[in-house]
2 protein chains.
Amino acid sequence: MDTTQRTDQQRSADRRRRELLEAADRVVLRDGPQASMNAIAAEAGITKPILYRHFGDKGGLYAALAKRHTDALLDSLRAALDAPADRRERVEATLDTYLAAIEARPQVYRFLMHPAEGSQPGDPGFDVGKHSAPLLRRMGEELAQVIEERLDLGPGGQQLARVWGHGIVGMMHAAGDWWLGERPCSRAELVRSLADLLWGRLAAAGDRMGGPGF
Amino acid sequence: MDTTQRTDQQRSADRRRRELLEAADRVVLRDGPQASMNAIAAEAGITKPILYRHFGDKGGLYAALAKRHTDALLDSLRAALDAPADRRERVEATLDTYLAAIEARPQVYRFLMHPAEGSQPGDPGFDVGKHSAPLLRRMGEELAQVIEERLDLGPGGQQLARVWGHGIVGMMHAAGDWWLGERPCSRAELVRSLADLLWGRLAAAGDRMGGPGF
DNA sequence: CGTGCCTGTTACTTGCGGTAACACCAGTCT
DNA sequence: AGACTGGTGTTACCGCAAGTAACAGGCACG
């Protein structure tokens, strides 16, 4: 078994893997995250054991699937984050990019955010951390890095940046999720409102009655 | 069948229901959200069909369970939100209350945030909205109402309040989730950092190098 | 030629959600 | 008393999805 041979085989296996992922993608986007392995295999024109040979178990397949979409979304977010404009514009562009993505493909969004994979049955619990979609974590870390690189936050700035990164991403996510469900306003309005929140309008707003206010 | 009779029966059924919920609580807190109905029934000293008679299906049981904890958490949050203090202190108290709760009982937190119940298999998809734990939605709505009552936000203030309510709750959630997993700092520091974010420090911070900054 | 090594299959086990059918025990109505 | 009703509880089953042997052909290599 010389090298070129193995490379050929690996290439073919990779191609196959990509085909399988695309088939899985179609099924998951059609049937939601609870799509069965049988259904996915059928869509790919094969049977279950092959899927298991390629991805180990359902979690492996879903992880591979999620990675594709997560990477794609992160790429477009990075582009918005790196655009040449002032801070407020960048923030708004990033928010808008994210919201546009989840608006355009809610099925993908739902799949990424709700993998619905309770960890191994043998888990002793207590591992809060890997759940809640890795997408949120990755976005948070990415944003934290950008914040830390670009902003001068004084001592303790690195940690502050991380808190803010995850916090802002969570804000974006929750507001987006709610907005996607109720559609109470246009995307542009939502972006503006969130940016206003980040710009301190909450602290600056006046009280309504007499008391100390919220 | 006079009234007292039916009341008696209902009372007994309610007591039973509470016992079952407590048993379910123990199991879920021990085994995580993927606890089987069999395990729960065994813990309660009975068998499956009784659970189904009381709660319909697994989703019903989990909903009842979640409602208990959600209500409890919301009560303590309301208390923090209504305390007599100025705005910044209230915000910090609310953040701290939430974080203390998830820190004290991570299992409960995890259960509430990741119910892992893909909707009916027959669903035609596209129903993004009921997922992502009702807890987040309820907290968002609650906070929105408080904001709208207490703050003078000018025209469009109601909608702005709702966006902010969900956004702030999401920020709190994501930051808390990340913090619980990595414990990069004390709770007090996290609270302070988040409050600073809400107070506009992101917009106020200086750039690091020359360019337009983040 | 046989020997590995892919790819693919059928057929199975295991485990869980959910249900049907039956059994028991209390009061109630006639 | 004896049939009727409504609650609690059971065992035993169905259906379905995850995951796993065990086996069958194609294709290169010695």
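Computed from a prediction, not measured in an experiment: that's the story for all the values here.

Asker: Teacher, can you tell me more about the pattern of salt bridges here?
Answerer: Oppositely charged side chains can pair when the atoms bearing their charge come close. Inspection of every chain in the model, using the stated rule, returns 40 salt bridges over all chains. Close ionic contact of D177 of chain A with R137 of chain B constitutes a salt bridge, the shortest N to O distance being 2.6 Å. Of this pair, D177 of chain A sits in helix 8 (residues 157-182) while R137 of chain B sits in helix 7 (residues 134-150), placing the two residues on different chains. Across the pair, R137 of chain B and D177 of chain A agree in class, each one buried. A salt bridge links E182 of chain A to R162 of chain B; the nearest nitrogen and oxygen atoms lie 3.2 Å apart. A residue pair is termed interchain when its members come from two chains, as with E182 of chain A in helix 8 and R162 of chain B in helix 8 (residues 157-182). Given the relative accessible area of 39%, E182 of chain A is considered partly exposed. Connected via shared salt-bridge partners are R26, R30, D31 and E43 of chain A.

Asker: Looking at this structure, how should I read the packing of aromatic side chains?
Answerer: Inspection of the entire model under this criterion finds 2 aromatic pairs over all chains. Consider the rings of Y62 of chain A and F111 of chain A, whose centres lie 5.3 Å apart with planes at 75 degrees: the pair is edge-to-face. One end of the pair, Y62 of chain A, is in helix 4 (residues 58-82); the other, F111 of chain A, is in helix 6 (residues 106-113), and 49 residues separate them in sequence. Between the NZ or CZ atom of R183 of chain B and the centre of the ring of W179 of chain B, over which it lies, the distance is 4.7 Å.

Asker: I keep staring at the relation of the copies chain A and chain B and nothing clicks. Help me out?
Answerer: One copy of the chain maps onto the second through a rotation about an axis and a displacement along it. Take chain A, turn it by 180 degrees, move it 0.0 Å along the axis, and it overlays chain B with an RMSD of 0.1 Å. Both copies of the chain, as the preceding transformation shows, are related through a two-fold rotation axis. Looking at the interface residues of chain A, 100% of them are also at the interface in chain B, so both copies use one shared face.

Asker: Looking at this model, I keep getting lost on the protein's contact with DNA strand C. Mind explaining?
Answerer: Around DNA strand C sit 14 residues, and of these T47 and R53 of chain A together with K48, Y52 and K58 of chain B come closest. Looking at DNA strand C alone, sugar and phosphate atoms form 44% of those within 4 Å of the protein. At 2.3 Å from a phosphate oxygen of DNA strand C is found a side-chain nitrogen or oxygen belonging to T47 of chain A. Elements with a contribution of two residues or more to the surface near DNA strand C: helix 3 (48-55) of chain A together with helix 3 (48-55) of chain B. Looking at the surface near DNA strand C residue by residue, the classes come out as 7 nonpolar, 2 polar and 5 charged.

Asker: Before we go on, may I ask you to explain the interface of chain A and chain B in this structure?
Answerer: Interfaces are often sized by the amount of accessible area the parts lose when they come together. Each side of the interface is counted separately: chain A has 72 residues, and chain B has 73 residues. Both sides of the chain A and chain B interface together cover about 6,800 Å² of buried area, and 61% of this is carbon and sulfur. Taken together, chain A and chain B are joined by 22 residue pairs in polar contact (both at pLDDT 80 or more). Secondary-structure elements contributing two or more residues to the side of chain A that touches chain B are helix 5 (87-104), helix 6, helix 7 (134-150), strand 1 (151-152), helix 8, helix 9 (187-198), helix 10 (201-204) and strand 2 (206-207) of chain A.

Asker: Where do I start with the protein's contact with DNA strand D in this structure?
Answerer: Taken together, 15 residues are adjacent to DNA strand D, and K48, Y52 and K58 of chain A together with T47 and R53 of chain B come closest. Backbone atoms, meaning sugar plus phosphate, form 48% of the atoms of DNA strand D positioned within 4 Å of the protein. The contact in question runs from a phosphate oxygen of DNA strand D to an N or O atom on the side chain of Y52 of chain A, over 3.4 Å. Within the side chain of R53 of chain B, one N or O atom sits 2.3 Å away from a base nitrogen of DNA strand D. Looking at the surface near DNA strand D, the elements with two or more residues in it are helix 3 of chain A together with helix 1 (3-31) and helix 3 of chain B. A class-by-class count of the residues in the surface near DNA strand D yields 7 nonpolar, 3 polar and 5 charged.

Asker: Can you help me understand the UniProt feature "DNA-binding region" (unreviewed entry) in chain A in this one?
Answerer: On the UniProt side, "DNA-binding region" (unreviewed entry) is annotated at positions that read residues 36-55 of chain A here. Segment residues 36-55 of chain A splits into 75% helix and 0% strand. End C-alpha atoms: 14 Å apart.

Asker: I'm lost on the environment of H54 of chain A in this one. Help?
Answerer: Relative to the helices and strands, H54 of chain A is located in helix 3. Excluding anything up to four places from it in sequence, H54 of chain A contacts A13, R16, R17 and L20 of chain A.

Asker: Quick question: what am I supposed to make of the nonpolar core here?
Answerer: Side chains of nonpolar character tend, in soluble globular proteins, to be buried together. Counting residues in each nonpolar core, the largest one holds 118 residues, and the members touching the most others are L61, Y98 and M139 of chain A together with L61, Y98 and M139 of chain B. The residues contacting M139 of chain A, other than those within four sequence positions of it, are L74, L77, Y98, M113, V169 and M172 of chain A.

Asker: For this particular structure, what's the right way to read the environment of L190 of chain B?
Answerer: Inspection of the secondary structure puts L190 of chain B in helix 9 (residues 187-198). On a C-alpha basis, the gap between L190 of chain B and M172 of chain B in space is 9.9 Å, while along the polypeptide they are 18 residues apart. Ignoring any residue separated from it by four or fewer positions in sequence, one finds L190 of chain B in contact with V163 of chain A together with L99, A175, W179 and C185 of chain B.

Asker: Would you mind showing me how to read the environment of P106 of chain B here?
Answerer: Looking at where P106 of chain B falls in the secondary structure, it is placed in helix 6 (residues 106-113). In sequence terms P106 of chain B and G181 of chain B are 75 residues apart; their C-alpha atoms lie 10.0 Å from each other.

Asker: Honestly, the packing of helix 5 of chain A against helix 6 of chain A in this entry has me stumped. Any pointers?
Answerer: Residues and elements named next belong to chain A. One way to put it is that helix 5 packs onto helix 6 with a least axis distance of 5 Å and a crossing angle of 105 degrees. Considering their axes alone, helix 5 and helix 6 lie roughly perpendicular with respect to each other. Residues Y98, I102, E103 and A104 of helix 5 lie in contact with helix 6, whose contacting residues are P106, Y109 and M113. Partitioning the contact of helix 5 with helix 6 into residue classes produces 6 nonpolar, no polar and 1 charged.

Reading the values: the criteria
Residues numbered from 1 in each chain as written. Chains lettered and ligands numbered in written order. Predicted model: local features only at pLDDT ≥ 70, side-chain atom pairs only at ≥ 80, totals over all residues. Heavy atoms only, no water. Salt bridge = Lys/Arg side-chain N within 4 Å of Asp/Glu carboxyl O. Helix = DSSP H or I, 4+ residues; strand = E, 2+ residues; numbered from the N terminus. Buried < 20%, exposed > 50% of the residue type's maximum accessible area, 1.4 Å probe, protein only. Phe/Tyr/Trp six-rings, centres within 6.5 Å; stacked < 30°, edge-to-face > 60°. Lys NZ or Arg CZ within 6 Å of the ring centre and 35° of its normal. Least-squares fit on C-alpha atoms with pLDDT ≥ 70 in both. Contact = heavy atoms within 4.5 Å. Near = heavy atom within 4 Å. Polar contact = N/O pair within 3.5 Å; in protein donor to acceptor, adjacent residues only side chain to side chain. Nonpolar A, V, L, I, M, F, W, Y, C, P; charged D, E, K, R; others polar. Buried area = accessible area lost by both parts, 1.4 Å probe. UniProt positions renumbered as here; feature names shortened; annotations may be inferred. Core = buried A, V, L, I, M, F, W, Y, C linked by side-chain atoms within 4.5 Å. Axes fitted to C-alpha atoms, helices over the stretch in contact; angles between N-to-C directions. Parallel < 35°, antiparallel > 145°, perpendicular 65-115°, else oblique.

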